[in-house]
Amino acid sequence: MIFHPDVLTIVLPVQSTLPPMAVLALAFVFGACLGSFVQAAALRLNQDEDVIKQPSRCRACGVELKWHDNLPIIGWLKSRGHCRECGASISPRYLWVEVFLGVMATIMVVYFPLSIASALIIGIALMTICALTDLDAMLLHLPVMLVMGGVGFGLSFLPFWPLSPMAAILGMIAPLMLITVINLIYMVIRGETGFGSGDYWLLGAVGLWMGPIFSTALFFLAAILGAVIGIALISLKKGHGQTALPFGIFISLVFICWPILNILVII
Ligand SMILES: [Zn+2]
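Note on numbering: residues in each chain are counted from 1, in written sequence order. Local features in this predicted model are restricted to residues of pLDDT 70 or higher, and side-chain atom pairs are both shown and tallied only at a pLDDT of 80 or more, whereas totals for entire chains, interfaces and linings draw on every residue. Side-chain metrics in this entry use all non-hydrogen atoms of the structure; hydrogen atoms and water are not considered.

### Some words on the overall build of the chain
Right, on to step 1. Every helix listed is a DSSP run of H or I at least four residues long, and every strand listed is a run of E at least two residues long, numbered separately from the N terminus. Scanning the chain for helices and strands turns up 10 helices and zero strands.
Right, on to step 2. In terms of C-alpha radius of gyration, the chain reaches 20 Å, essentially the compact-globule figure of 18 Å for 267 residues.
Right, on to step 3. Each principal axis of the C-alpha atoms in the chain carries an extent, and together these give about 60 × 50 × 35 Å.
Right, on to step 4. Only protein chains enter the calculation, and the probe is 1.4 Å; a residue is then buried if its accessible area is under 20% of its type maximum, exposed if over 50%, and partly exposed in between. Taken across its 267 residues, the chain has 41% of its residues classed as buried.
Right, on to step 5. One way to put it: in the chain the 12 positive side-chain charges average out to a point 9 Å from where the 12 negative ones average out. We compute the radius of gyration over the C-alpha atoms and compare it with the globule rule, which gives 2.2 Å times the number of residues raised to the power 0.38. Residues scored as positive are Lys and Arg, those scored as negative are Asp and Glu, and His as well as the terminal groups of each chain are ignored. A single reference atom marks each charge: NZ on Lys, CZ on Arg, CG on Asp, CD on Glu.

Set out below in structure tokens:
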């Protein structure tokens, strides 16, 4: 029974009725607030700071930000991307991450039942943190990946989530076996491993969300994406054959695209 394809693959049910506009607006605002948290969490994790308790400050002068400075999207637009105290520029990435998660949350609520949409928004937010920390400092933080894996495994026990706990565990094991074999081959040929421990944790965590077939597909898609970007960097003379690429970004990107691909295949 475990090996029946329906149990191994996870196809998310798409809804045909459009939710009321108020729900869509709420989803956008919620996503944008989440984006604000995601961006702050990524910065703080990389600098070993407290993610939850620490008040928001200007990174240049240290002044504590007022509540209206912290309003997602509006706060950045109002200050035109500058600290009101010292005038230091605030990265437009704050704005883009907030808009991105606002849009993603709205898309999830449009196409998926609210229970599944809520789970996906959390998954996308956690993977955006991983992508940003990996992009900034090639760091993947264990607590974020543990929460990601924990939520994925927890979902498999809930009636609305179309993946069994057994399939979730297989989803974790499949890509881990794959990169262990690749690392062994790498070790024999080049005397070093190709994937770091962060990649193991992250692949295991997303595997718990997706089941073995999709988590294996995710690994290959992420590897192809990494290879394409690696070749592009080499051709632009911004990298060479030995340049280490943050693989966590590609895993995160493919995971974030997964619900969208699911929508495109179903409708
Ligand atoms: Zn400042």
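So that's the structure; there's more coming.
### Describing the coordination of the zinc ion
Right, on to step 1. For Na, K and Ca the donor cut-off is 3.2 Å, while for other metals it is 2.8 Å, and in both cases only N, O and S atoms qualify; water is not among them, so sites may look incomplete. In this structure, Cys58 (SG), Cys61 (SG), Cys83 (SG) and Cys86 (SG) serve as the protein donors to the zinc ion, at separations of 2.3 Å.
Right, on to step 2. In short, tetrahedral needs four donors with all angles between 85 and 135 degrees, square planar needs four and octahedral six donors with opposite donors over 155 degrees apart and all other angles between 65 and 115, and whatever is left is irregular. Seen from the zinc ion, its four donor atoms lie at angles of 106 to 115°, and the figure they make is tetrahedral.
Right, on to step 3. Each donor residue of the zinc ion belongs to the same chain, and together they define the spacing C-x2-C-x21-C-x2-C. In this pair, Cys58 is assigned in the loop between helix 2 (21-46) and helix 3 (74-78) and Cys86 in the loop between helix 3 and helix 4 (93-111), connecting sequence segments 28 residues apart.
Right, on to step 4. By relative accessible area, Cys86 is classed as partly exposed at 40%.

### Quick word on the packing of aromatic side chains
Right, on to step 1. Stacked, tilted and edge-to-face are the three classes assigned to paired rings of Phe, Tyr and Trp, where Trp is represented by its six-membered ring and a pair needs centres within 6.5 Å; plane angles under 30 degrees give stacked, over 60 edge-to-face, the rest tilted. Under the criterion given, the structure shown has nine aromatic pairs.
Right, on to step 2. Ring centres 5.8 Å apart and planes at 85° place the aromatic pair Trp161 and Trp209 in the edge-to-face group. Linking Trp161 in the loop between helix 6 (142-155) and helix 7 (165-190) with Trp209 in helix 8 (residues 197-210), this pair joins segments that are 48 residues apart in sequence.
Right, on to step 3. Since its relative accessible area comes to 0%, Trp209 is described here as buried.
Right, on to step 4. Grouping aromatic residues by their ring pairs yields a cluster made of Phe195, Phe219, Phe220, Phe247 and Phe250.

### With respect to the packing of helix 5 (residues 114-137) against helix 10 (residues 247-266)
Right, on to step 1. Structural elements are reduced to axes, namely lines fitted to C-alpha atoms, with helices fitted over the stretch in contact, and the angle between N-to-C directions of any two is expressed from 0 to 180 degrees. At a minimum axis distance of 8 Å, the contact between helix 5 and helix 10 shows a crossing angle of 160°. The pairing of helix 5 with helix 10 is recorded here as roughly antiparallel in orientation. Crossing handedness for the pair helix 5 and helix 10: left-handed. Across the interface between the two elements, Leu120, Gly123, Ile124, Met127, Thr128, Cys130, Ala131, Asp134 and Leu135 of helix 5 pack against Phe247, Gly248, Ile249, Ile251, Ser252, Phe255, Ile256, Trp258 and Pro259 of helix 10.
Right, on to step 2. Under the scheme applied here, ten amino acids are nonpolar (Ala, Val, Leu, Ile, Met, Phe, Trp, Tyr, Cys and Pro), four are charged (Asp, Glu, Lys and Arg), and all others, including Gly, are polar. Here the residues of the contact of helix 5 with helix 10 sort into 13 nonpolar, four polar and one charged. By the definition adopted for this analysis, an angle is roughly parallel if under 35 degrees, roughly antiparallel if over 145, roughly perpendicular if from 65 to 115, and oblique otherwise. Two helices crossing with the near one rotated counterclockwise from the far one by less than a right angle form a left-handed crossing, whereas a clockwise rotation gives a right-handed crossing. In what follows, a contact means two residues having at least one pair of non-hydrogen atoms within 4.5 Å.

### Notes on helix 2
Right, on to step 1. How far a helix is expected to stretch is found by multiplying one less than its residue total by 1.5 Å. The terminal C-alpha atoms of helix 2, which comprises 26 residues, lie 38 Å apart, in line with the 38 Å expected from a rise of 1.5 Å per residue.
Right, on to step 2. Residue Asp48 follows helix 2 closely and has a positive phi angle near 60°.

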